[in-house]
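Structural features, examined
Read off the chains here:
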Amino acid sequence: MAAATLSAADVEKLNNLKSAVAGLNQTSENEKTGFINLVARYLSGEAQHVEWSKIQTPTDEVVVPYESLAPSPDDSVETKKLLDKLVVLKLNGGLGTTMGCTGPKSVIEVRNGMTFLDLIVIQIENLNSKYGCNVPLLLMNSFNTHDDTLKIVEKYSSSNIEIHTFNQSQYPRLVLDDFSPLPSKGQTGKDGWYPPGHGDVFPSLKNSGKLDALLSQGKEYVFVANSDNLGAVVDLKILNHLVRNQNEYCMEVTPKTLADVKGGTLISYEGRVQLLEIAQVPDEHVNEFKSIEKFKIFNTNNLWVNLKAIKKLVEADALKMEIIPNPKEVDGVKVLQLETAAGAAIRFFDNAIGINVPRSRFLPVKATSDLLLVQSDLYIFENGFVIRNKARTNPANPSIELGPEFKKVGNFLSRFKSIPSIIELDSLKVTGDVWFGTGVTLKGKVIIVAKPGVKLEIPDGAVLENKEINGPEDL
């Protein structure tokens, strides 16, 4: 992939941007350099075009079936040795705004009064206690979540777990009109800036000093995952496999269902494994990309990466992931955010693999409909782990569609006196002003529609099986 050269006009654009950015004092020299390099790559149009005919389906050597992994050591001394090589890093830059919450998304209560962060801490505490190891937790915050997170982690100060926080980069939003940084246009608040996607985890680890500190403690691998994926727990079989086979990078993938057709997939391309995202797919192949037949797996964003390899690649400025342009509007000004994704880094690491993991390792909570699943009897809760109830025989989760009245967590919680039993539910669709009593059971296919202006209350103890409810008379 040759770097394209810049036109004279673009060189001038970039030079003007450089001098404007030099005058911004809310951002470090490392961040300024990183930002200018990203913009230069974007302007040179080095976007990678995938030649469709060269795409190959990865073999089992490249995307390893989870079932084929060797068992983890049964000796606790060996297990401690293995875990002492590990660091857990959660991507904690996101706000809970889409779910109507202020502050970091990781402090939304998931179950039994516990937040995402509480669960993560309990899980690692249990590991450290059980094996006498020291697995530290790193939280990568954005400038949006940093201050709140520092306050929140104070409550874990007496736990047997080292918690480190660091900030991902803060880049200025680009004004599309004249390619100037938004903060130099008088937008001095947070709105002038953006965090450039989780691909930034690698340079930020290095720039924060955390990477060198971890290497000096003898740490070898970092397990990176989204803080809202309840299934992303430490897995000894995966860690053991990577250490034994010296894989520098591993992406956990899982079989696609119809709900995941947009997710990135792993392909073999010119002898290397790489991530193929829907944005890179030529229009005439999009339907093929979405098919479950040809591209059977998708990226969970659970990533295991060798720390020495990260150091080597960041220092060589070799991580040139595909740029994702994200256009936004701030106070009527059209701006551009250039972002990268951590999964796209896979092709720069040696001996990189995917592992095709069970769906249970992918349980993200992106909306209140997901919250309904994890708070229900479909899952049981033990030792900080959210485990699927064996009483559910269907391997797929029910599909849940809740109307806008349920979008915010506060509204969602007030509309359910208690979360219904959904072990035998196939699908639920709720629209309008609907309120649920306690001890409700939903089975099969249930549709509940409150007509405009009508308050519809589902009575305590109601059992709804394969029913469509359009008003009180249907109950």
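Keep in mind the model is a prediction, meaning the values are calculated, not measured.

Regarding the environment of leucine 236
Counting through the fold element by element, leucine 236 comes out in helix α8 (residues 236-245). Once the C-alpha coordinates of leucine 236 and proline 73 are considered, the two residues, 163 residues apart in sequence, prove to be 8.4 Å apart.

Considerations on the pairing of strand β16 (residues 297-306)
When a strand is regular, its side chains alternate between the sheet's two faces. With ten of ten residues buried, β16 is to be regarded as a mostly interior element. Across four bridges, strand β12 (residues 221-226) lies against β16 in antiparallel orientation. Of the residues in β16, the one forming a bridge with tyrosine 221 is asparagine 306.

Section: the pairing of strand β22 (residues 399-402)
Residues Ile400 and Leu402 of β22 are buried on one face, while the alternating residues Ser399 and Glu401, pointing to the opposite face, are not. Bridge count between β22 and strand β23 (residues 425-431): four bridges; the pairing is parallel. Considered in β23, the bridge of glutamate 401 is made with lysine 429. Regarding topology, helix α12 (residues 409-415) serves as the crossover connection from β22 to the parallel β23, and that connection is left-handed.

Remarks on the packing of aromatic side chains
On inspection of all chains with the given rule, the structure shows twelve aromatic pairs. Pairing phenylalanine 202 with phenylalanine 349 gives two aromatic rings, centres 6.0 Å apart and planes at 55 degrees, and the pair type is tilted. Here phenylalanine 349 lies in the loop between β18 (333-339) and β19 (353-356) and phenylalanine 202 lies in helix α6 (residues 201-207), a separation of 147 residues in the sequence. Here phenylalanine 289 and phenylalanine 295 contribute two aromatic rings whose centre-to-centre distance is 5.8 Å and whose plane-to-plane angle is 45 degrees, an arrangement assigned as tilted.

Points about unusual backbone geometry
Even without glycine at this site, glutamate 270 takes up a positive phi of about 50 degrees. Structurally, the position occupied by glutamate 270 is in the loop between β14 (265-269) and β15 (272-276). Its identity as a non-glycine residue notwithstanding, asparagine 383 has a phi of 50 degrees, on the positive side. With respect to the secondary-structure elements, asparagine 383 resides in the loop between β20 (379-382) and β21 (385-388).

Remarks on the layout of surface pockets
Here the second largest pocket defines a volume of roughly 550 Å³. Taken together, 22 residues line the second largest pocket, and the ones lying closest to its centre are Gly34, Tyr171, Pro203, Asp317 and Leu319. Per-element tally for the lining of the second largest pocket: the top contributor is helix α2 (residues 29-43), with seven residues. The residue makeup of the lining of the second largest pocket, split by class, is nine nonpolar, eight polar and five charged.

Structural notes on the UniProt feature "binding site: UTP" (unreviewed entry) in the protein chain
Taking the numbering used here, the UniProt-annotated feature "binding site: UTP" (unreviewed entry) corresponds to Lys105, Gln168, Gly197, Asp228 and Lys366. Note that glutamine 168 resides in the loop between β7 (163-167) and β8 (171-172). Look at glutamine 168 and you get buried, because its relative accessible area is 8%. When neighbours within four sequence positions are excluded, glutamine 168 is seen to be in contact with Glu31, Met140, Asn141, Ser142, Pro195, Pro196, Gly197, Asp200 and Ser204. Within the secondary structure, lysine 366 is located in the loop between β19 and α11 (368-375). A polar contact is formed between the side chain of lysine 366 and the side chain of aspartate 228, at a distance of 2.9 Å.

Section: the UniProt feature "binding site: substrate" (unreviewed entry) in the protein chain
As annotated by UniProt and renumbered to match this structure, "binding site: substrate" (unreviewed entry) occupies His198. With respect to the secondary-structure elements, histidine 198 resides in the loop between β11 (193-194) and α6. Take histidine 198: its relative accessible area is 26%, and that puts it in the partly exposed class. Those residues in contact with histidine 198 that sit more than four places away from it in its chain are Leu91, Met140, Asn301, Thr340, Ala341 and Ala342.

A look at the nonpolar core
Counting residues in hydrophobic clusters, the biggest one holds 38 residues, and the most contacted among them are Leu230, Leu428, Val434, Phe436 and Ile448. Broken down by secondary-structure element, the contributors of at least two residues to this core are α4 (116-131), α11, β22, α12, β23, β24 (434-436), β25 (441-449) and β26 (456-458). For this core, the element with the highest residue contribution is α11, accounting for four residues. Other than its neighbours up to four places away in sequence, leucine 230 contacts Val110, Phe116, Leu119, Leu363, Val365, Val374 and Val386. Grouped together as the second largest cluster of nonpolar side chains are 37 residues, Val201, Ala342, Ala344 and Phe348 included.

Re the pattern of salt bridges
Inspection of every chain in the model, using the stated rule, returns 27 salt bridges. Two residues, glutamate 270 and lysine 54, come together in a salt bridge whose shortest N-O distance is 2.7 Å. Placement of glutamate 270 in the loop between β14 and β15 and of lysine 54 in the loop between α2 and β1 (55-56) is noted, with a sequence separation of 216 residues between them. Assessed through its relative accessible area of 56%, glutamate 270 is described here as exposed.

Digging into the sheet that holds β12
Pairing is mixed in the open sheet, where eight strands are placed in the order β2-β19-β13-β16-β12-β3-β6-β7. In this open sheet, the two edge strands, each paired with only one partner strand, are β2 (63-65) and β7. Between one strand axis and the next, the sheet turns through 25 degrees on average, direction left out of account.

Definitions and cut-offs
Residues numbered from 1 in each chain as written. Predicted model: local features only at pLDDT ≥ 70, side-chain atom pairs only at ≥ 80, totals over all residues. Heavy atoms only, no water. Helix = DSSP H or I, 4+ residues; strand = E, 2+ residues; numbered from the N terminus. Buried < 20%, exposed > 50% of the residue type's maximum accessible area, 1.4 Å probe, protein only. Pairing = 2+ DSSP bridges. Right-handed = clockwise from strand over helix to strand, strands pointing away. Phe/Tyr/Trp six-rings, centres within 6.5 Å; stacked < 30°, edge-to-face > 60°. 1 Å grid on protein atoms, 1.4 Å probe; cavity = no way out; pocket = protein on both sides within 12 Å on 5 of 7 lines; lining within 4 Å. Points joined across faces, edges and corners; volume = space filled by probe spheres on them. Nonpolar A, V, L, I, M, F, W, Y, C, P; charged D, E, K, R; others polar. UniProt positions renumbered as here; feature names shortened; annotations may be inferred. Contact = heavy atoms within 4.5 Å. Polar contact = N/O pair within 3.5 Å; in protein donor to acceptor, adjacent residues only side chain to side chain. Core = buried A, V, L, I, M, F, W, Y, C linked by side-chain atoms within 4.5 Å. Salt bridge = Lys/Arg side-chain N within 4 Å of Asp/Glu carboxyl O. Axes fitted to C-alpha atoms, helices over the stretch in contact; angles between N-to-C directions.

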